[in-house]
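# Geometric and topological summary
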Amino acid sequence: MSWIIYGDKGSGAFSAEAALAEAEAPYEFREISLERNEQREPAFLAVNPSGKMPAVRLPEGGIVTESLAILLTVAEHYPAAGLLPPPGTFARAQVFRWLAFMSSEIYPMVEISDYPARFVPEGAESDALRDNAGERIRARLAIVEQAVAGPWLLADGFSAADIYAAMFSVWTEARKADVPKLRALARAVAQRPRIATIWNRHFPPRG
């Protein structure tokens, strides 16, 4: 049985797909178009009532949502993939730390930055909210930047945290951030043999 990923190109579904590719797990990617607002249609709401992506269906059945939970679920299913350091190590705790930090401190700001009118009336208020959210994204990415050991986030090597950090580094507001080490990390993720094709599909080179 295969995993099924529900998501759109360039969205948080990248992290789920990249993790499964690293694990060499069988999966199917079912595109849910944000542009066509398909995440609000009954078919997807039956998968995830929040209408947010990504979501995955496990090979054994059952749905997992929230990108952080999906990354950890994939890592637990395929420990040999090295998405997490060994249990009980400080390195593993650090991966958990940075995954949680990015999930709680950056991800919510991305939604506000991209869709401020979901939170305040359109116009001056939404423009100000977008700007404030963008500043917070860049400030939080600067904290991640300080932690990058090079080439990966941790000196212990590649982990799921690198997939997550690379994804956040290329989204709209993040492109304005001064984070050279994080950009180098993203290039390293993009060049990984099992991820390269996926990266180029989600984040094609900009002309």
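Read on for an overview of the structure.

### Brief notes about unusual backbone geometry
- Cis rather than trans, the peptide bond between Met53 and Pro54 has omega equal to 5°.
- Among the structural elements, Pro54 can be located in the loop between α2 (42-45) and β3 (55-57).
- Positive phi outside glycine occurs at Asn37, with the angle close to 60°.
- Counting through the fold element by element, Asn37 comes out in the loop between β2 (27-31) and α2.
- Asn37 sits in the partly exposed class, given a relative accessible area of 40%.
- A positive phi is found at Glu66, a non-glycine position, where the angle reads about 75°.
- Looking at the element boundaries, Glu66 is found in the loop between β4 (63-65) and α3 (67-77).
- On the basis of relative accessibility, which here comes to 49%, the residue Glu66 falls in the partly exposed class.

### Topic: the packing of helix α5 (residues 124-147) against helix α7 (residues 180-190)
- At a closest axis distance of 8 Å, the pairing of α5 and α7 adopts a crossing angle of 75°. By the criterion of interaxial angle, the relationship of α5 to α7 is roughly perpendicular. When α5 is examined against α7, the residues Leu141, Val144, Glu145 and Gln146 are found in contact with a partner set consisting of Pro180, Lys181 and Leu182.
- In the contact of α5 with α7, the residues fall into 4 nonpolar, 1 polar and 2 charged.

### Topic: the pairing of strand β1 (residues 3-7)
- With respect to burial, β1 is a largely interior element, 5 of its 5 residues being buried.
- A two-sided burial pattern is seen for β1, the buried positions comprising Trp3, Ile5 and Gly7 on one face and Ile4 and Tyr6 on the other.
- Between the parallel pair β1 and β2, the chain is carried across by helix α1 (residues 13-22), and the sense of this crossover is right-handed.
- Bridge count for β1 against β3 is 3 bridges, and the pairing is antiparallel. Its bridge partner being in β3, Ile4 is matched across the sheet by Arg57.

Cut-off values and rules
- Here, residues in each chain are numbered from 1, in the same order as that chain's written sequence.
- A pLDDT threshold of at least 70 governs which residues receive local features in this predicted model, and a stricter bar of 80 or more applies before side-chain atom pairs are shown or counted, although totals over entire chains, interfaces and linings include all residues.
- As a rule here, side-chain values cover all heavy atoms of the structure and leave hydrogens and water aside.
- Think of it this way: any DSSP run of H or I at least four residues long counts as a helix, any run of E at least two long counts as a strand, and we number them from the N terminus.
- Only protein chains enter the accessibility calculation, which uses a 1.4 Å probe; a residue is then buried when its area is under 20% of its type maximum, exposed when over 50%, and partly exposed in between.
- Orientation is described by axes fitted as lines to C-alpha atoms, over the contacting stretch for helices, and by angles from 0 to 180 degrees between their N-to-C directions.
- When describing relative orientation, an angle under 35 degrees is termed roughly parallel and one over 145 degrees roughly antiparallel, while 65 to 115 degrees is termed roughly perpendicular and anything else oblique.
- Contacts are assigned to residue pairs with any non-hydrogen atoms lying within 4.5 Å of each other.
- The nonpolar class holds Ala, Val, Leu, Ile, Met, Phe, Trp, Tyr, Cys and Pro. Asp, Glu, Lys and Arg form the charged class, and all remaining residues, Gly among them, are polar.
- Orienting the strands away from the viewer, one traces the path from the first strand over the helix to the second; a clockwise path indicates a right-handed crossover.
- Strand pairing requires that DSSP identify at least two bridges connecting the strands.

That is the geometry; function is a separate question.
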